[in-house]
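Analysis of the macromolecular model
Here is how the chains run, residue by residue.
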Amino acid sequence: MAAMSTDSTGTAARDGQPTTGPEDSAFVRACRRQAGPHTPVWFMRQAGRSLPEYREIRANVGMLESCRRPELVTEITLQPVRRHGVDAAILFSDIVVPVAAAGIELDIVPGTGPVVAQPIRDADDVERIRPIGRDDVPYVDEAVTTLVAELGDTPLIGFAGAPFTLASYLVEGGPSRTHARTKALMHGDPPLWHALCARLAEVTLAFLRVQVAAGVSAVQLFDSWAGALSEADYRRYVLPHSTTVLSGLADAGVPRIHFGVGTAELLGAMGEAGADVVGVDWRTPLDVATRRIGPDRAVQGNLDPAVLLAPWPVVEAEVRRVLEEGRAAPGHVFNLGHGVLPETDPDILTRVVALVHELTATGRS
Ligand code: CP3
């Protein structure tokens, strides 16, 4: 575990090294396509059920409730940083937190995911989604402020769900394999679809702005289910709204990451939405992804989370392959292709962090 302390100038120091803040961290530098001391690594869902300390702290607290308690958010966010020595923390929250703050009644059901009491069906339902500001999510403002102070040089990533993925939960009423109702609305009533996504983009942008104002060093926009769409439909029905969010943060001064699953055919279009970094799942090798995304963006990914359940020599070979393919990109943030699976041995995650650092160390400090 890396010790964090604060020196006399008020600048946080790690392991006694002189430091310059998260702006100059390996993670932020890679997002900006700048050289750094090593390839940075963090894991989507690094805080969560793979960690016994997480399971313990969450034992009697519901998911949404825990997202609204700043002291729990802070502790859970820090757990994987302490344990694994990852290069970034990600705020513990959920993509539906701002939607709940906007007035939509919902819950996160263990083993299922978000469940919405009254799914969105018409224009009146869209009006139920109210605009939000800092006072609607005071617990996020407080947790980010505390975390930024605690983390010192380690950057904190803020995040939100993208309009399409949020719309899918709101229209379906819960998780869906086919996104059939969502697609039926999109194709059957485009004005209503666009009104819904425009409202969600507004909520998402406001939610990310709260996190940026409180001090996050980067943001990630999760469009987890965008891979369900053809490129033509993505461009027509989704890209304008994700662009509203990402370009709306152009003046925020923090790198923007844009992530989805099953997006091989969409990588070029997703790259156009305005992010600095495009997340890639395990289906597309990073060198191929880089050709699709172009030279102006860094990539993030893309070890298959299931590989972490295999014996260590397999994990090591796959980490080496991902790093090798990532060399084709103008910047590479090592991650999984999707979130950590709950059954993952946390010691394997710690070993992956150490291996990535060791294999990519440049001697630059
Ligand atoms: O470490 C991190 O990545 C930060 C925490 C985080 C959570 N959710 C915590 C969480 C993040 C970034 C999310 C985003 C999120 N939530 C997404 C986008 C990322 C992705 O996985 O594609 C989506 C689609 C959701 C919706 C959601 N919330 C699902 C599908 C689930 C899983 C349901 C289940 O129980 O299997 C959740 C619940 C959730 N969000 C958990 C965590 C740690 C598990 C709840 C628990 O521990 O009880």
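Residues numbered from 1 in each chain as written. Predicted model: local features only at pLDDT ≥ 70, side-chain atom pairs only at ≥ 80, totals over all residues. Heavy atoms only, no water.

This part is about the UniProt feature "domain: Uroporphyrinogen decarboxylase (URO-D)" (unreviewed entry) in the protein. Residues annotated in UniProt with the feature "domain: Uroporphyrinogen decarboxylase (URO-D)" (unreviewed entry) correspond here to residues 40-49 and 157-173. Here residues 40-49 is 0% helix and 0% strand, with 23 Å between the C-alpha atoms at its ends. From the first C-alpha to the last, residues 157-173 spans 28 Å; its make-up is 59% helix and 29% strand. (UniProt positions renumbered as here; feature names shortened; annotations may be inferred. Helix = DSSP H or I, 4+ residues; strand = E, 2+ residues; numbered from the N terminus.)

With that settled, the discussion passes to the UniProt feature "site: Transition state stabilizer" (unreviewed entry) in the protein. What UniProt calls "site: Transition state stabilizer" (unreviewed entry) maps, in this numbering, to Asp94. Looking at the element boundaries, Asp94 is found in the loop between β3 (89-90) and α5 (97-101).

Because side chains alternate across strand β8 (residues 256-259), one face comprises the buried residues Arg256 and His258, and the other comprises Ile257 and Phe259, equally buried. Bridge count between strand β7 (residues 218-222) and β8: four bridges; the pairing is parallel. Across the sheet, the residue bridging to Val219 is Arg256, located in β8. The handedness of the β7 to β8 crossover, carried by helix α11 (residues 231-247), is right-handed. Pairing analysis gives two bridges linking β8 to strand β9 (residues 277-279), with the strands arranged parallel. (Buried < 20%, exposed > 50% of the residue type's maximum accessible area, 1.4 Å probe, protein only. Pairing = 2+ DSSP bridges. Right-handed = clockwise from strand over helix to strand, strands pointing away.)

Here we take up the packing of helix α8 (residues 163-172) against helix α9 (residues 180-188). Running from N to C, α8 and α9 cross one another at 105 degrees; their axes reach a closest spacing of 8 Å. Classified by the interaxial angle, the pair formed by α8 and α9 is roughly perpendicular. On α9, the residues that touch Phe164, Ser168, Val171 and Glu172 of α8 are Ala180, Arg181, Thr182, Leu185 and Met186. Partitioning the contact of α8 with α9 into residue classes produces five nonpolar, two polar and two charged. (Axes fitted to C-alpha atoms, helices over the stretch in contact; angles between N-to-C directions. Parallel < 35°, antiparallel > 145°, perpendicular 65-115°, else oblique. Contact = heavy atoms within 4.5 Å. Nonpolar A, V, L, I, M, F, W, Y, C, P; charged D, E, K, R; others polar.)

The residue Val314 is located in helix α14 (residues 312-326) in this model. According to the relative accessible area criterion, Val314 is partly exposed, its value standing at 39%. For the pair Val314 and Gly111, spaced 203 residues apart in sequence, the C-alpha separation works out to 29 Å.

The next subject is α9. Here α9 has its buried residues at Thr182, Leu185 and Met186. For α9, the angular spread of buried residues about the axis comes to 100 degrees, placing them on one side. On its buried face, α9 is in contact with α8, α10 (190-214) and α11. (Arc of directions from axis to C-beta.)

Turning next to the packing of aromatic side chains. Under the counting rule described, the total for this entry stands at four aromatic pairs. Between Phe222 and Phe259 the ring centres are 5.8 Å apart and the planes differ by 80 degrees, which places this aromatic pair in the edge-to-face class. Pair noted here: Phe222 is in strand β7 and Phe259 is in strand β8, with a separation of 37 residues, a long-range link. Comparing Phe222 with Phe259, the two get one shared label, buried. Here the basic side chain of Arg351 rests over the ring of Trp312, its NZ or CZ set 4.1 Å away from the ring centre. (Phe/Tyr/Trp six-rings, centres within 6.5 Å; stacked < 30°, edge-to-face > 60°. Lys NZ or Arg CZ within 6 Å of the ring centre and 35° of its normal.)

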